[in-house]
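Coordinates in review
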Amino acid sequence: MAGKVSLGGIALITGASAASGIGKETALSFAEAGAKGVALADINEEGALAAAEESKKCAKDASFKAIAVKVDITDETSVDNMVQTALKEFGRIDYSVNSAGMGNLSGAMTPNIKADMFSRTLDTNIRGTMLCVRAVSKAMAAQEPLSYESRRFGTRSLGRGSIVNLGSVNSYVAAPGMMPYTASKHAIVGITKTAALDLLSSHIGVNSVCPAWVNTPMMEASLERVPQLDAVIKAVSPLKRAAVPEEVVDYIIFLCSPSGSYINGTGLIADAGATLMMHT
Ligand SMILES: NC(=O)c1ccc[n+]([C@@H]2O[C@H](COP(=O)([O-])OP(=O)(O)OC[C@H]3O[C@@H](n4cnc5c(N)ncnc54)[C@H](O)[C@@H]3O)[C@@H](O)[C@H]2O)c1
């Protein structure tokens with residue numbers, strides 16, 4: 001899809017390390033789609049640097065620049081520094097993709113949930129996303145809007161920026177032993193909807209993309225912890241497989257592109273239909 005979409009602009013992506021799945025592929029796809037610059041932010045600085053180098057090889061724009069930023073999204077100062085670093089380098093941020101997050105590390109059923117694990121998951125996935133949305137929306141609100149020239153419909157404003165948060169099918173449905181992750185991903189929808197409303201007057205779009213299983217290091221770690229997951233994916237997914245990262249990233253690019261200019265506050269499920277029916 002990146003080949004079909006043409007974008008200018010600057011993207012800031014969290015969870016974008018060579019050792020990550022969706023964040024890294026998002027950075028490469030922005031480069032392929034013609035972005036002028038990408039800031040790749042991750043707690044794994046070396047990984048972000050390596051992914052930044054990889055993105056340069058995909059770039060369509062001859063003047064494309066990529067920078068790596070070390071960030072801990074749970075830390076306010078670190079998140080504010082990440083946004084300031086991107087602004088200092090590029091002058092504006094048009095697309096912000098919040099992909100940093102942690103999976104369901106324990107699998108404990110409700111009576112045995114460890115409060116520490118619960119807090120850690122919420123801290124990373126909820127507070128981390130909120131801090132990123134807060135900092136980046138402040139920066140976007142201060143910049144000039146962009147517009148798009150449609151061949152048949154004339155000029156339309158694209159607003160001051162587009163924010164995409166990574167939810168999950170667990171933003172909508174539950175799974176046994178997954179309360180920390182499921183609660184955290186339900187909250188992503190709440191963050192997305194509220195921020196979309198709060199930012200209407202600044203004309204900043206906020207959406208979330210909510211995939212089922214995606215073949216990334218996070219899924220590989222889950223398969224190592226729970227080997228029977230492979231059979232579950234084959235049984236539950238209508239396509240009998242997990243998504244490849246590109247199938248999720250295409251939605252992210254779409255939401256950031258002029259094609260997504262009338263979409264706001266939504267949670268776009270990408271699950272091949274897995275959550276449409278009860279599995280008996
Ligand atoms: N892979 C899936 O099956 C799947 C399904 C649905 C939703 N998601 C969501 O998509 C997003 C990306 O998932 P992925 O599969 O690419 O994960 P991943 O584990 O491959 O990558 C996550 C990245 O986030 C970074 N990170 C973690 N904590 C951080 C912190 N505190 N500060 C900064 N960076 C931090 C990691 O270093 C890593 O590079 C996550 O929010 C995840 O919940 C993934």
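Quick look at the structure, then.

Conventions and cut-offs
- Within any chain, residue numbers begin from 1 and follow the written order of that chain's sequence.
- Selection of residues for local features in this predicted model requires a pLDDT of at least 70, selection of side-chain atom pairs for listing and counting requires 80 or more, and totals for whole chains, interfaces and linings are taken over all residues.
- Each side-chain value is worked out from all heavy atoms of the structure, with water and hydrogens disregarded.
- As a rule, the C-alpha atoms of each element are fitted with a line to give its axis, helices using only the stretch in contact, and angles between N-to-C directions run from 0 to 180 degrees.
- Starting at the N terminus, helices and strands are each numbered in turn, a helix being any DSSP run of H or I of at least four residues and a strand any DSSP run of E of at least two.
- Under this scheme an angle from 65 to 115 degrees is roughly perpendicular, one under 35 degrees roughly parallel, and one over 145 degrees roughly antiparallel; angles in between are oblique.
- Crossing handedness follows the turn of the near helix against the far one: under a right angle anticlockwise gives a left-handed crossing, and clockwise gives a right-handed one.
- What makes two residues a contact is simply this: any of their non-hydrogen atoms within 4.5 Å.
- Each residue is assigned to one class: nonpolar for Ala, Val, Leu, Ile, Met, Phe, Trp, Tyr, Cys and Pro, charged for Asp, Glu, Lys and Arg, and polar for all the others, Gly among them.
- Side-chain rings of Phe, Tyr and Trp (the six-membered ring for Trp) are treated as a pair once their centres are within 6.5 Å; stacked means planes under 30 degrees apart, edge-to-face means over 60, and tilted covers the remaining angles.
- Categorising residues by exposure relies on relative accessible area from a 1.4 Å probe, with only protein chains included: less than 20% of the type maximum marks a residue as buried, more than 50% marks it as exposed, and the intermediate range marks it as partly exposed.
- In this text, near means that some heavy atom of the residue lies within 4 Å of the molecule or strand in question.
- As used in this structure description, the phrase polar contact means that two N or O atoms lie within 3.5 Å; if the pair is within protein, one of them must be able to donate a hydrogen and the other to accept it, and residues adjacent in sequence are counted only when both atoms belong to side chains.
- Areas reported as accessible are Shrake-Rupley estimates using a 1.4 Å probe. Residue values count occlusion only from the protein chains shown.

Right, let's talk about the packing of helix H4 (residues 115–141) against helix H5 (residues 179–198) for a bit. Where H4 contacts H5, the two axes come as close as 9 Å, and the packing angle between them is 15°. Classified by the angle their axes make, H4 and H5 are roughly parallel. With respect to the hand of their crossing, H4 and H5 are arranged in right-handed fashion. Of the residues in H5, those in contact with Phe-118, Thr-121, Leu-122, Asn-125, Ile-126, Thr-129, Met-130 and Val-133 of H4 are Met-179, Pro-180, Tyr-181, Ala-183, Ser-184, Lys-185, Ala-187, Ile-188, Ile-191 and Ala-195. Along the lines of polarity and charge, the residues of the contact of H4 with H5 split into 13 nonpolar, 4 polar and 1 charged.

Taken as a whole and judged by the stated rule, the model has 1 aromatic pair. Centre to centre, the rings of Phe-30 and Tyr-95 are 5.1 Å apart; their planes meet at 15°, and the pair counts as stacked. A residue pair is termed long-range when its members are at least 10 positions apart, and Phe-30 in helix H1 (residues 22–33) and Tyr-95 in strand S4 (residues 95–98) qualify at 65 residues. Overall, Tyr-95 belongs to the buried group, its relative accessible area being 7%.

We now examine the site of the ligand. Taken together, 25 residues sit near the ligand, with Ile-22, Asp-42, Tyr-181, Val-214 and Thr-216 positioned nearest. Between a nitrogen atom of the ligand and a main-chain N or O atom of Val-71, the distance comes to 3.4 Å. When the free accessible area of the ligand is taken as 830 Å², the share hidden by the protein chains comes to 89%. Elements supplying a minimum of two residues to the shell around the ligand: H5 and helix H6 (217–225). Residues of the shell around the ligand, tallied by class, amount to 13 nonpolar, 9 polar and 3 charged.

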